[in-house]
Amino acid sequence: TMQSSGHRFRDVEHHPLLGDNESYDSSSSEADMAERVWFIRDGCGMVCAIMTWLLVVYADFVVTFVMLLPSKDFWYSVINGILFNCLAVLALSSHLRTMLTDPGAVPKGNATKEYMDNLQLKPGEVIYKCPKCCSIKPERAHHCSICKRCIRKMDHHCPWVNNCVGEKNQRFFVLFTMYIALISAHALVLCGFQFFSCVRGQWTECSDFSPPVTVILMIFLCLEGFLFLTFTAVMFGTQIHSICNDETEIERLKSEKPTWERRLRWEGMKSVFGGQPSLLWINPFAGFRIRRLLLRGKKGGPEFSV
């Protein structure tokens with residue numbers, strides 16, 4: 001722990017600020033983070049993320065090739081095919097942006113005397129250092145043991161998106177849960193119509209697949225749709241409630257008393273989604289810029305940057 005004139009530096013445990021051979025440049029670090037594509041190298045998270053994509057692709061296969069293409073109603077197939085595939089693209093795009101967006105990581109190793117002197121702290125003011133990533137912890141930041149970083153306004157770590165949900169990517173996570181819930185509900189409705197159509201037609205010309213295969217594929221899709229709809233609808237509602245109350249899941253579970261001025265209801269929504277209500281709120285491509293990707297080949301960390 002370090003004492004300096006004019007302020008106190010509080011830590012959970014005694015820990016060196018930086019190693020003898022380490023240094024920290026705050027300006028270059030912030031510039032690097034602006035150009036960084038975030039990706040957590042966590043085995044469980046990567047498996048869950050791949051499974052998410054495979055399940056969406058499976059649902060799209062069953063809907064397209066088992067239900068819609070064999071249908072004799074042309075417009076029924078076209079309208080539902082376009083709607084379902086658009087929702088699938090939006091869901092997977094939201095998933096990618098949640099997974100590859102820096103959730104609000106605090107720069108590592110910024111707890112240096114030079115950096116603290118630049119903060120111009122008031123006499124007696126207490127600042128906190130995370131002993132695990134050696135960084136000054138801003139208010140409402142928490143350390144994630146999987147990302148191995150302190151995350152601003154960390155809500156939780158979600159293995160299905162292989163990332164933390166925090167200040168900078170919560171919007172994309174909310175869109176991901178919303179679009180998965182919509183695509184699941186659409187798949188269940190289509191399954192209901194298809195079962196009714198097959199039973200009425202005595203399973204003749206119901207599908208290009210044999211009746212047993214068709215039934216098995218649709219049963220698995222119904223189970224998948226029901227489970228995903230239940231999970232994502234609950235998560236979507238929880239996230240909206242947290243945003244409207246300006247309270248993260250961690251803060252709610254720890255019953256932390258707010259030391260900040262809360263942004264309630266629409267103010268909270270506008271702070272997360274940005275600006276006044278518009279179609280941009282539900283567009284996962286909003287603000288996306290294609291940058292030149294430069295592989296930096298950093299090894300040993302939980303994330304890499306390009």
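Residues numbered from 1 in each chain as written. Predicted model: local features only at pLDDT ≥ 70, side-chain atom pairs only at ≥ 80, totals over all residues. Heavy atoms only, no water.

Looking at an unreviewed UniProt entry, the protein carries the name Palmitoyltransferase, with the source organism given as Mionectes macconnelli. The heading Catalytic activity (unreviewed entry) in the UniProt record of the protein holds the text "L-cysteinyl-[protein] + hexadecanoyl-CoA = S-hexadecanoyl-L-cysteinyl-[protein] + CoA". (UniProt positions renumbered as here; feature names shortened; annotations may be inferred.)

Engineer: Please clarify how the pattern of salt bridges should be interpreted in this entry.
Structural biologist: Side-chain pairs of opposite charge can arise where the charged atoms are in close proximity. Under the defined criterion, the tally for this structure stands at five salt bridges. Between E249 and R252 there is a salt bridge; the shortest N-O distance is 2.5 Å. Here E249 pairs with R252, and both are found in helix 7 (residues 249-253), just three residues apart, close to one helical turn. It is possible to trace a salt-bridge network through shared partners that takes in R140, K153, D246 and E251. (Salt bridge = Lys/Arg side-chain N within 4 Å of Asp/Glu carboxyl O. Helix = DSSP H or I, 4+ residues; strand = E, 2+ residues; numbered from the N terminus.)

Engineer: What's the story with a nonpolar patch on the surface in this structure? I'm lost.
Structural biologist: On the surface, a nonpolar cluster with roughly 420 Å² of combined accessible area is contributed by F61, F65, L69, F209 and V213. Structurally, the position occupied by F209 is in the loop between helix 5 (170-200) and helix 6 (211-245). You can call F209 partly exposed: its relative accessible area is 31%. (Patch = residues over 30% accessible without salt bridge, like charges linked within 9 Å, V, L, I, M, F, W, Y side chains within 5 Å. Areas by Shrake-Rupley, 256 points an atom, 1.4 Å probe, with all protein chains shown as cover. Buried < 20%, exposed > 50% of the residue type's maximum accessible area, 1.4 Å probe, protein only.)

Engineer: Would you mind showing me how to read the UniProt feature "transmembrane region" (unreviewed entry) in the protein here?
Structural biologist: As annotated by UniProt and renumbered to match this structure, "transmembrane region" (unreviewed entry) occupies residues 43-68, 74-92, 172-195 and 215-236. Between the C-alpha atoms that bound residues 215-236 the distance is 31 Å, and the span itself is 100% helix and 0% strand.

Engineer: When you look at the pairing of strand 6 (residues 149-152) in this model, what are you seeing that I'm missing?
Structural biologist: A regular strand places its side chains on the two faces of the sheet in alternate fashion. Relative to strand 6, strand 5 (residues 141-144) runs antiparallel, the two sharing four bridges. Each residue of the ladder has a partner; that of H143, found in strand 6, is C150. In textbook terms, the turn of a hairpin is the stretch between consecutive antiparallel strands, and for strand 5 and strand 6 this stretch comprises four residues, one of which, K148, has a positive phi near 60 degrees. (Pairing = 2+ DSSP bridges.)

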